[in-house]
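Below, each chain spelled out in residue letters.
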Amino acid sequence: MTGTRLSPTTTARTRASAGAGLLLLGALLTGCGAEPGEIPLSEIRADSPSATPEPTPATATPGVVGAAAGTPAASAVAAHNGLIVSRAFLDPGRTTSAIVTVGPDGTGERQVTQPPDRARDERPDWSPDGSTIAFDRTDPRTGATRLWTVSASGDGAQQIGQLCESGTADCTNEAERAPAYSPDGKQLAFSRSWGALDPAGNKQIQYSDLYLMAPDGTNVQRLTFLTNDKPYSGEVSNPSWSPDGKQLAFEYRTGATGQPANSRAIYVVGVDGTGLRQLTPWELRAGDRASWSPDGTQILFTTYPAGPENAPGGGIYTVHPDGTAIGALTPAPSDAYYGAAAYAPDGSSIVFTQAPARATADLYSMRPDGTGVARLTNTTGQWLSRPKWGTATLPAPAAAAAGAAAATQAPAQP
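Residues numbered from 1 in each chain as written. Predicted model: local features only at pLDDT ≥ 70, side-chain atom pairs only at ≥ 80, totals over all residues. Heavy atoms only, no water.

### Here's the deal with unusual backbone geometry
Point 1. For the bond from glutamine 259 to proline 260, the omega torsion is -5 degrees, close enough to zero to count as cis.
Point 2. By secondary structure assignment, the location of proline 260 is in the loop between strand E13 (247-254) and strand E14 (264-270).
Point 3. At asparagine 173, a residue that is not glycine, the phi angle is positive and equals roughly 55 degrees.
Point 4. By the element assignment, asparagine 173 lies in the loop between strand E7 (158-159) and strand E8 (175-181). (Helix = DSSP H or I, 4+ residues; strand = E, 2+ residues; numbered from the N terminus.)

So this is what it looks like as structure tokens:
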């Protein structure tokens, strides 16, 4: 399998070890190998050591402002805080979205993808060197979601070859989403969903798990097995790498038949498929893409209340990678909507999405302890969201304009 793409016609199959599918104690989800016999594309994975389920550790009471997330540790490696990438809607009806970049002060917005009408470019991530942005695009005609890359300047947009060929059962309703570059740039983690839709009408797809592959689309390996024995139970998405490249944080969002139903939580797993652990309790409803601090001591995440999409009442939190010391960076309860948040490359700031009551979403920044909130962008209807802070520098003309703007106008407070 090394160095090649997987094919549904492959007859040599490798059965993953049953232990790689075990979940933590206390969680009511299961995942293990397929039934004996012919194993489809979705089951192919190199053998790995058995995963030992780890219990969810005790956590602090949610809602306490002031997590242990102060200034970055002295051991954190200094990095250049360059461009921020985000998703932006291009029309009032929010039917078409593109990937845009803005300067670290929120100025110099530039559209870097050119989606077809009603297509949605989403969930961008930077390559470590700041040269490339990976994202997913949903085709308005077919509804299929595929992985793409584009240069930081907006040139050379191309689709990464899709994981499987059409016309096979394993590719029914297949979608590939949320690409994330490894710290060394040699791998992409992403989520893959496939299978029939829930016959009960819950709009839930059969299977969903995390995969790894090279940025050119080769050497594909399945990483998690959360939905094998529980079809229609939920969706696995939004992977995020630890700074040392040894672990991934991700979101597990349960469906109507999940346990518990219609909830969400953040998990971590080793890149070899072992050490699966639930980090956040279900009642917090943590979701979207988490962000590791550059020194690896904190994981930043956002919570979402039950109810309509983009409803107010969530918040931004941090947690240690071992699941301890959960604390809120934003006030709770809140009448604002909060979206995904991400650390700056040097760990000195956090960029996040916020929509005050009855207003559109924009990008804001704050210190790692939740103080010093400043508004970075002031758009009209773009609903900027899912920001990621990279190291790419502004083009020279844009940098000069951004400097002039910063000198004449300070960021407005929300």
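### Concerning the nonpolar core
Point 1. Formed by 16 residues in total, the largest nonpolar core has its most connected members in Leu248, Phe250 and Tyr267.
Point 2. Residue assignment for this core shows that the elements contributing at least two residues are strand E10 (205-213), strand E12 (234-241), E13 and E14.
Point 3. Ranked by size, the runner-up nonpolar core spans 14 residues in total, among them Ile266, Trp292, Phe301 and Tyr317. (Core = buried A, V, L, I, M, F, W, Y, C linked by side-chain atoms within 4.5 Å. Buried < 20%, exposed > 50% of the residue type's maximum accessible area, 1.4 Å probe, protein only.)

### With respect to the pairing of E12
Point 1. Most of E12 is tucked away: seven of the eight residues are buried.
Point 2. With six bridges joining them, E12 and E13 adopt antiparallel strand pairing. If you follow valine 236 over to E13, its bridge partner there is tyrosine 252.
Point 3. Connecting the antiparallel pair E12 and E13 is a turn made up of five residues, with glycine 245 showing a positive phi of about 75 degrees. (Pairing = 2+ DSSP bridges.)

### Some points on the confidence of the model for the protein
Point 1. Mean pLDDT over the protein works out to 81, with 75% of the residues at or above the 70 mark.
Point 2. For the stretch residues 1-77, pLDDT sits under 50, and the model shows 178 contacts to residues farther than four places along the chain or on other chains.
Point 3. Below pLDDT 50 for its whole length, residues 406-414 participates in 11 contacts with residues either more than four positions away or in separate chains. (pLDDT = per-residue confidence, 0-100. Contact = heavy atoms within 4.5 Å.)

### Let's talk about the environment of valine 319
Point 1. Looking at the secondary structure, you find valine 319 in strand E18 (residues 315-319).
Point 2. Taking the C-alpha atoms as reference, valine 319 lies 8.1 Å from phenylalanine 301; in sequence the two are 18 residues apart.

### A few points about the pattern of salt bridges
Point 1. Evaluation of the coordinates by the stated rule reveals 15 salt bridges.
Point 2. Across the pair arginine 375 and aspartate 362 runs a salt bridge, and its minimum N-O distance is 2.9 Å. A residue pair is termed long-range when its members are at least 10 positions apart, and arginine 375 in strand E23 (residues 374-375) and aspartate 362 in strand E22 (residues 362-366) qualify at 13 residues.
Point 3. The network of salt bridges with shared partners includes Arg87, Arg120, Glu122, Asp288 and Arg386. (Salt bridge = Lys/Arg side-chain N within 4 Å of Asp/Glu carboxyl O.)

### Some thoughts on the pairing of strand E20 (residues 337-343)
Along a regular strand, successive side chains alternate from one face of the sheet to the other.
Point 1. Where burial is concerned, most of E20 is hidden: seven out of the seven residues are buried.
Point 2. Pairing between E20 and strand E21 (residues 350-355): five bridges, direction antiparallel. Looking at the pairing, tyrosine 338 lines up with glutamine 354 of E21.
Point 3. Hairpin geometry of E20 and E21 is characterised by an intervening segment of six residues between the two adjacent antiparallel strands and by a positive phi of about 80 degrees at glycine 347.

### Here we look at the side chain of aspartate 209
Point 1. Of note, aspartate 209 is situated in strand E10.
Point 2. There is a polar contact of 2.6 Å between the side chain of aspartate 209 and the side chain of threonine 224.
Point 3. At a separation of 2.8 Å, a polar atom in the side chain of aspartate 209 contacts the main-chain amide nitrogen of leucine 226.
Point 4. Apart from the residues within four sequence positions on either side, aspartate 209 is in contact with Phe190, Ser191, Arg192, Trp194, Arg222, Thr224, Phe225, Leu226, Thr227 and Val236. (Polar contact = N/O pair within 3.5 Å; in protein donor to acceptor, adjacent residues only side chain to side chain.)

### Some details on the sheet that holds E13
Point 1. Judged by pairing direction, the sheet is antiparallel, and its four strands sit side by side in the order E12-E13-E14-E15 without closing on themselves. Whereas interior strands pair on both sides, the edge strands pair on one side only; in this sheet they are E12 and strand E15 (277-278).

### Some thoughts on the packing of aromatic side chains
Point 1. Considering all chains together, one arrives at 12 aromatic pairs under this definition.
Point 2. On the basis of an interplanar angle of 20 degrees and a centroid distance of 5.7 Å, the ring pair of phenylalanine 250 and tyrosine 267 is categorised as stacked. Of the two residues, phenylalanine 250 sits in strand E13 while tyrosine 267 sits in strand E14, which places them 17 residues apart along the sequence.
Point 3. The exposure class assigned to tyrosine 267 is buried, which follows from its relative accessible area of 0%.
Point 4. Geometrically, the ring pair formed by tyrosine 304 and tyrosine 337 is tilted, given 6.3 Å between the ring centres and 50 degrees between the ring planes. Here tyrosine 304, found in the loop between strand E17 (299-303) and E18, pairs with tyrosine 337, found in strand E20; they are 33 residues apart in sequence, far enough to count as distant.
Point 5. With a relative accessible area of 10%, tyrosine 304 lands in the buried category.
Point 6. Through a chain of ring-to-ring contacts, three or more aromatic side chains come together here, namely Phe190, Trp194, Tyr207 and Tyr211.
Point 7. Its end group placed over the ring of tryptophan 194, arginine 192 keeps NZ or CZ at 4.5 Å from the ring centre. (Phe/Tyr/Trp six-rings, centres within 6.5 Å; stacked < 30°, edge-to-face > 60°. Lys NZ or Arg CZ within 6 Å of the ring centre and 35° of its normal.)

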